[in-house]
Amino acid sequence: MSQERRYSFEFFPTKTEAGHEKLMNVARQLATYNPDFFSCTYGAGGSTRDRTLNTVLQLDGEIKVPAAPHLSCVGDSKAELRDLLNLYKDAGIKRIVALRGDLPSGMGMASGELRYANELVSFIREETGDHFHIEVAAYPEMHPQARNFEDDIANFARKAKAGADSAITQYFFNADCYFYFVERVRKLGIEIPIVPGIMPITNYSKLARFSDACGAEIPRWVRKQLEAYGDDTDSIQAYGEQVITEMCERLLQGGAPGLHFYSMNQAEPSLAIWNNLKLPR
Ligand code: FAD
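Residues numbered from 1 in each chain as written. Predicted model: local features only at pLDDT ≥ 70, side-chain atom pairs only at ≥ 80, totals over all residues. Heavy atoms only, no water.

1. Quick word on the side chain of T128
In plain terms, the rule: Only runs of H or I of at least four residues qualify as helices and only runs of E of at least two qualify as strands under DSSP, and these elements are numbered from the N terminus. Exposed residues in this analysis have more than 50% of their type's maximum accessible area, buried residues have under 20%, and partly exposed residues fall in between, with area computed by a 1.4 Å probe over protein chains only. Contact definition: two residues touch when any of their heavy atoms are within 4.5 Å.
Position of T128 among the secondary structure elements: in helix 4 (residues 117-128). Accessibility expressed as a relative area gives 7% for T128, which makes it buried. Ignoring anything within four residues of it in the chain, the contact list for T128 reads L85 and K89.

Here you go:
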């Protein structure tokens with residue numbers, strides 16, 4: 001297995017002190033696997049500004065795993081983004097996940113000065129030069145608002161040309177869509193690593209709702225089996241673990257440059273897959 005592959009875990013900032021403590025305990029457990037980095041999401045419009053900042057600084061400073069904040073541009077002014085970039089830079093943070101973001105319903109139309117993630121990538125480069133390794137989002141099954149697949153990969157290419165170093169995909173349950181996406185992007189001359197985002201399956205109804213919203217397709221054969229388990233969470237988890245492990249095996253065998261786990265602030269579901277795959281520790 002290539003030494004250059006990278007493995008990472010994503011968290012979301014919690015609302016309560018108890019939730020935060022739990023997150024840090026999960027992070028301590030995951031840190032024993034020596035991941036390349038942790039990342040922490042950002043509520044578009046700045047709703048989690050302080051919580052994301054504090055979580056990232058603690059993951060990086062106390063738990064000692066390099067941590068990458070997500071940063072989205074809709075709803076934030078350039079001045080607000082600049083302040084945050086400087087805070088992260090001064091704290092020694094070296095990686096950032098640059099996104100457009102989705103404003104929560106009720107927050108109205110996007111009011112930021114930057115409309116798309118490629119503009120945010122350019123802004124980060126203008127403001128901070130080469131300080132940050134910039135990650136961007138990729139959508140093997142197409143971003144739900146894209147007009148068509150061709151437009152979406154052209155927009156993805158624009159982010160890479162603006163200065164993104166690598167990408168993390170939206171989660172998916174079909175390895176072929178990842179390989180097809182990568183192949184099509186390479187034909188546009190874009191060579192940045194595109195790391196699959198991996199969502200462990202733990203709860204079917206939540207997953208179905210979430211997948212509808214973000215445009216990730218649950219294949220019929222997986223959906224039908226998960227539905228058949230009803231409330232039997234143990235069976236859902238065991239089956240989900242098997243399906244995702246097999247998909248990750250195919251992804252890695254097919255040349256994926258690493259895996260990024262959407263941990264959902266839990267250790268076991270991601271670690272079960274990590275252990276099944278015998279990933280390096
Ligand atoms: P963009 O790349 O800007 O694309 C958005 C849409 O606009 C696409 O349909 C694209 O085709 C189109 N488009 C792009 N550029 C142009 C252009 N110049 N002209 C016309 N059309 C264009 N959301 C959060 O709020 N917080 C997070 O922390 C967060 N983390 C994420 C992490 C990952 C790995 C992923 C995959 C998604 C994450 N999201 C997060 C969700 C993301 O913000 C949404 O999917 C959002 O709708 C799009 O963000 P983007 O950066 O991909 O946008």
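2. Section: the packing of helix 3 (residues 78-90) against helix 4
Applicable threshold: Lines are fitted to the C-alpha atoms to define the axes, a helix being fitted only along its stretch in contact, and any angle between axes, read from their N-to-C directions, falls within 0 to 180 degrees. The labels follow the angle: roughly parallel below 35 degrees, roughly antiparallel above 145, roughly perpendicular from 65 to 115, and oblique for the rest. Handedness of a crossing is defined here by the sense of rotation of the near helix relative to the far one, left-handed for an anticlockwise turn of less than a right angle and right-handed for a clockwise turn. Gly is put with the polar residues, along with every residue not named as nonpolar or charged; the nonpolar set is Ala, Val, Leu, Ile, Met, Phe, Trp, Tyr, Cys and Pro, and the charged set is Asp, Glu, Lys and Arg.
Between helix 3 and helix 4, the shortest axis-to-axis distance is 11 Å and the interhelical angle comes to 55 degrees. As summarised for this structure, helix 3 and helix 4 are arranged oblique, according to the angle between their axes. Helix 4 is crossed by helix 3, and the crossing has right-handed handedness. For the pair formed by helix 3 and helix 4, the contact residues are K78, L81, R82, L85 and K89 on the first element and L120, F123, I124, E127 and T128 on the second. Looking at the contact of helix 3 with helix 4 residue by residue, the class counts come to five nonpolar, one polar and four charged.

3. Points about the nonpolar core
Operational definition: Put simply, a nonpolar core is a bunch of buried Ala, Val, Leu, Ile, Met, Phe, Trp, Tyr and Cys residues held in one set by side-chain atoms that sit within 4.5 Å of each other.
Among the nonpolar cores identified, the biggest contains 92 residues, and F38, F156, I194 and L259 are the most heavily contacted of them. If you tally residues by element for this core, the top one is helix 9 (residues 233-253), at eight residues. Beyond its immediate chain neighbours, meaning those up to four positions away, I194 contacts A138, F156, A167, T169, Y178, F181, V182, V185, R186 and P257.

4. Topic: the site of the ligand
How we decide: Nearness is defined per residue: one heavy atom within 4 Å of the molecule or strand is enough. Polar contacts, as used here, are pairs of N or O atoms within 3.5 Å; protein pairs need one atom able to donate a hydrogen and one able to accept it. Residues neighboring in sequence count only if both atoms are side-chain atoms.
The ligand sits among 24 residues. The nearest are Y42, D102, Y139, D152 and K159. Separating an oxygen atom of the ligand from a side-chain N or O atom of D152 is a distance of 2.6 Å. Considering every element that reaches the shell around the ligand, the biggest residue donor is helix 5 (residues 149-161), with four residues. Per-class residue counts for the shell around the ligand are ten nonpolar, nine polar and five charged.

5. Let's talk about helix 7 (residues 204-214)
What counts is decided by this rule: By definition, the arc is the one covered by directions from the helix axis to the C-beta atoms.
Buried within helix 7 are the following residues: Y204, L207, S211 and C214. The arc that holds the buried residues of helix 7, viewed along the axis, is 105 degrees, so those residues lie on one side. Facing away from the buried side of helix 7 by over 90 degrees, the exposed positions are K206, R209, D212 and A213. Residues of helix 7 that are buried in the fold lie against strand 6 (166-171), helix 8 (220-228) and helix 9. N-cap assignment for helix 7: the residue whose side-chain oxygen lies 3.2 Å from the backbone N of S205 is N203.

6. Some remarks on the pattern of salt bridges
Quick note on the threshold: One speaks of a salt bridge when a side-chain nitrogen belonging to Lys or Arg is within 4 Å of a carboxyl oxygen belonging to Asp or Glu.
Taken as a whole and judged by the stated rule, the model has 15 salt bridges. For E150, the salt bridge identified is with R184, shortest N-O distance 2.8 Å. Of the two residues, E150 is situated in helix 5 and R184 in helix 6 (residues 175-187); the sequence distance between them amounts to 34 residues. Here E150 falls in the partly exposed class, since its relative accessible area comes to 44%. Salt bridges linked by common partners bring R6, R95 and E135 together as one network.

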